[in-house]
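Observations on the model geometry
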Amino acid sequence: AVRRIRALPALADVPIILLSAETDRGLWAEALAAGANDFMPKPYHRQELGARISLHLKLASLGRELRQQNDLLNRERYLAGCVQRQLLPKDLNFEGLESAAVYQAQEQVGGDFYEAWDDGAAVNVLMADISGHGASAAMLMAVCKGYIVSLRQSGLAPEEIVGALNTMLCDLLLGGDLDMFVTLVLCRIDRSFPILSVVSAGHVPAYVVGREGLLELPSQGPALGIVPRFDWTARTVPFLPGDTLFLYTDGLTELRSPNGEFFGEARVLELLRPGIAPKDLIGEIIETALPFCKGTLHDDLAMAALRRQNPPAQQP
């Protein structure tokens, strides 16, 4: 009877108290496992029964309120995730470049993000990772996005943008209870010359996949929001037609298998091969990483790949 009552959605949480002279405690346990809330032996005391009924009614009411609050919270998280995804670039389609990107938060909202813009002389691409994940990381992500939009309109060089952003974040994060920081890499793909300028602040390495092999571009300084005054220096490397720039966050390498093994950087490097279109490269990494971790993310994850195309042939 208890199992049939519990199978009805309208009665799924109605309190059930069994009154019985049964002395077999194994049967009591079976009844409770089937969904009964309480068990009283006969003969029973009316006042005790009334107190237990009152208690279980209150518990059922609290359970309904908790579920309603949880549903509301999930709805708010879903809407926050929708807003956050709107903050990311709609596409990375820039003349002369073939691009692809992916973003996936561990929860409905997260802290990883990427940004890209064309200032006429170059295409700028940024990949960032807010420490932690969830609502606090998402809020700081939105703040960083606003800072970057304002800074990119000032005509500053990449190292100047990173330095100014660090000053803003130190003013926000230091001196309070916010134990947070931001890692990022900012790349500038020159349009007039086949070069790439990179500034990395505490971020995982960026990579250039070229015909001559794989070039690693490691961090050049601390994460942002930690050291108030630090001067970053941009590193300039060749970026020829056919070369691919690959950016990611550590949520990729920190994916774990069910037995606790990390996906690791070595598996990523095995997939970074020349001659692969950015969309196919991102797809191969996802198709390899998700089965490895059985679809369970342990951190937010973002990736972007941009390949310089050959210049159009001039008409005779």
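The residue count restarts for each chain, going from 1 along the sequence in the order it is written. It should be noted that, the model being predicted, local features are given only for residues of pLDDT at least 70 and side-chain atom pairs only at 80 or more, the latter also being counted only at that level, while totals for whole chains, interfaces and linings use all residues. Side-chain descriptors were evaluated using all non-hydrogen atoms of the structure, hydrogens and water having been removed beforehand.

With that settled, the discussion passes to the overall build of the chain. Note on conventions: DSSP H or I runs of at least 4 residues are helices, E runs of at least 2 residues are strands, and numbering of each starts at the N terminus. Within the chain, the secondary structure is distributed over 7 helices and 12 strands. Taking 20 Å as the expected radius of gyration for a compact globule of 316 residues, we find that the chain reaches 28 Å, considerably beyond that expectation. For the chain, the spread of C-alpha atoms along the principal axes amounts to about 100 × 45 × 35 Å. Taking all 316 residues of the chain together, 41% fall into the buried category. Throughout, the Shrake-Rupley method with a 1.4 Å probe supplies accessible areas, and for residues the shown protein chains are the sole cover considered. Carbon and sulfur atoms make up 55% of the accessible area of the chain, which amounts to about 17100 Å² in all. Atoms counted for the radius of gyration: C-alpha only. Globule rule: 2.2 Å times residue count to the power 0.38. Accessibility here uses a 1.4 Å probe with only protein chains present; expressed as a share of the type maximum, an area under 20% marks a residue as buried, one over 50% as exposed, and anything in between as partly exposed.

Time to look at helix H5 (residues 158–173). Helix length check: H5, at 16 residues, gives a terminal C-alpha distance of 22 Å against a target of 22 Å (1.5 Å per residue), a fit within 8%. Among all positions in H5, only Pro158, Ile161, Val162, Gly163, Leu165, Asn166, Leu169, Cys170 and Leu173 are buried. Residue contacts follow a heavy-atom distance rule, with two residues in contact if any of their heavy atoms lie within 4.5 Å. In this structure, the buried residues of H5 make contact with strand S4 (113–118), helix H4 (135–152), strand S6 (182–190) and strand S7 (195–201). Following H5 by one or two positions, Gly175 adopts a phi angle in the positive range, close to 85°. In this scheme, a helix's expected span is set at 1.5 Å multiplied by one less than its residue total.

In this section: the pairing of S7. For a regular strand, side-chain orientation follows a simple rule: the groups alternate between the two sheet faces. Most of S7 is tucked away, with 6 of its 7 residues classed as buried. In this description, strands pair whenever DSSP reports at least two bridges between them. Linkage of S6 to S7, two consecutive antiparallel strands, is achieved through a turn of 4 residues. Where S7 meets strand S10 (residues 235–238), 4 bridges bridge the pair, whose relative direction is antiparallel. Following the sheet pairing, Ser197 is matched in S10 by Thr236.

Any carboxyl oxygen of Asp or Glu within 4 Å of a side-chain nitrogen of Lys or Arg constitutes a salt bridge here. Under the criterion given, the structure shown has 12 salt bridges. The salt bridge involving Arg64 is made with Asp13; its shortest N-O contact spans 3.8 Å. Of this pair, Arg64 sits in helix H3 (residues 46–87) while Asp13 sits in the loop between helix H1 (2–6) and strand S1 (17–20), and the two are 51 residues apart along the sequence. With a closest N to O distance of 3.2 Å, Glu284 and Arg273 form a salt bridge. Of the two residues, Glu284 is situated in helix H7 (residues 278–293) and Arg273 in the loop between helix H6 (264–271) and H7; the sequence distance between them amounts to 11 residues. We classify Glu284 as partly exposed; its relative accessible area is 26%. Linked through salt bridges whose partners overlap, the residues forming this network are Asp13, Arg64 and Arg67.

With respect to topology, 5 strands assemble into an open sheet ordered S4-S5-S6-S7-S10, the strand pairing being antiparallel. In this open sheet, the two edge strands, each paired with only one partner strand, are S4 and S10. Along the sheet, successive strands turn relative to each other by an average axial angle of 20°, direction set aside. Judged from the 6 bridges that link them, S6 and S7 form a sheet pairing that is antiparallel. Throughout, an axis means a line fitted to C-alpha atoms (over the contacting stretch in the case of helices), and angles, computed between N-to-C directions, take values from 0 to 180 degrees.

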